[in-house]
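An overview of the molecular structure
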Amino acid sequence: MKLTMTTGLLALAGLLAPPASPAPVAMGTKQFTSLFPIDDDWTFSEDGDNDFFPLNDGHFVILEGELGGELTHLEITALDEVKTIGGIDCRVVEEVELIDDELVEISRNYFAVCEQTQDVFYFGEDVDIYDNGVIVSHAGSWLAYSNGATPGIIMPGRILLGSRYYQEVAIGVAEDRAEVTEYPEKARTPAGTFTGCVKMEESTPLEPGHFGYKTYAPEIGLVRDGHLKLIAWGD
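Residues numbered from 1 in each chain as written. Predicted model: local features only at pLDDT ≥ 70, side-chain atom pairs only at ≥ 80, totals over all residues. Heavy atoms only, no water.

So, the pattern of salt bridges
The condition is simple: Here, a salt bridge means any Lys or Arg side-chain nitrogen found within 4 Å of an Asp or Glu carboxyl oxygen. To qualify as a helix, a DSSP run of H or I must reach at least 4 residues; to qualify as a strand, a run of E must reach at least 2; elements of each kind are numbered from the N terminus. Burial status follows relative accessibility: with a 1.4 Å probe on protein chains alone, a residue under 20% of its type maximum counts as buried, one over 50% as exposed, and anything between as partly exposed.
Enumeration according to the criterion identifies 6 salt bridges in this entry. Here K30 ties to E201 by a salt bridge, and the two come within 3.7 Å at their closest N and O atoms. Pair noted here: K30 is in strand β2 (residues 30-32) and E201 is in strand β14 (residues 192-203), with a separation of 171 residues, a long-range link. Here K30 falls in the partly exposed class, since its relative accessible area comes to 21%. Among the charged side chains, a network of salt bridges with common partners joins K30, R164, E179 and E201.

Some words on the pairing of strand β7 (residues 102-114)
When a strand is regular, its side chains alternate between the sheet's two faces. Test applied: DSSP bridges decide pairing: two strands pair if at least two such bridges lie between them.
Across 2 bridges, strand β3 (residues 44-45) lies against β7 in antiparallel orientation. Of the residues in β7, the one forming a bridge with F44 is C114. Where strand β6 (residues 88-99) meets β7, 9 bridges bridge the pair, whose relative direction is antiparallel. The residue of β7 that forms the bridge with V92 is Y110. As consecutive antiparallel partners, β6 and β7 are separated by 2 residues, and within that stretch D100 has a phi angle of approximately 50 degrees, a positive value. In this structure, β7 lies alongside strand β8 (residues 120-131), joined through 9 bridges in antiparallel fashion. Its bridge partner being in β8, Y110 is matched across the sheet by G124.

Topic: the packing of aromatic side chains
Counted only if it meets this: Under the pairing criterion, centres of Phe, Tyr and Trp rings, with the six-membered ring standing for Trp, must be within 6.5 Å; the plane angle then separates stacked pairs below 30 degrees from edge-to-face pairs above 60, leaving the rest tilted.
Going through the model one piece at a time under the given rule, you end up with 10 aromatic pairs. A centroid spacing of 4.7 Å and a plane angle of 35 degrees characterise the contact between F111 and Y122, whose relative ring orientation is tilted. You can see F111 sitting in strand β7 and its partner Y122 sitting in strand β8, a full 11 residues away along the chain. Of the two residues, F111 and Y122, neither departs from the other in class, the shared state being buried.

Shown next, in the form of structure tokens:
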């Protein structure tokens, strides 16, 4: 389940040279930043300080929503696990999705926050798709510096209205991108009403014409995802 603006990023040093990445992709008149090299002077943390995307061990959010008579339950948890990708320690964030109490997906996502810019970089994910309790697919899995993929940004350190950027840069596999459409925004959920939120419109060239919307609240993270709304959170 898956969303910077340019921050003067320089070339990656000391790691694998970034493979060729696509130029910004046009969608009508819109373009999305798609290449985010990393300065060799930057430092990264698996915990970090990005207000809209907490990565501290144990932080979790739970969202639920009903659509078409089906109840979707989504749990997102920052695990006490670290995965090193390209020399950078990333927090493992697990997403578990159930529909009508039946497990449909578990994904392990890899994030790290740049201490200089506060951008949260997305380094990949491992996906397990379930049917009747059995893993049937790993569709959407990708890893930065493998098979031509490069890091994306899941949450920028500075929120700018109208900014457009790729979250995942794995051509033909995972190409989610986001546009900041509302900030500051108010979000009402069963768990409470939150102010100062940021709302994103998500899309992907792999599914032209399909759009999704996510809202993030300060110090909490994701509070709305389409028809899903926050019902609980904690650390």
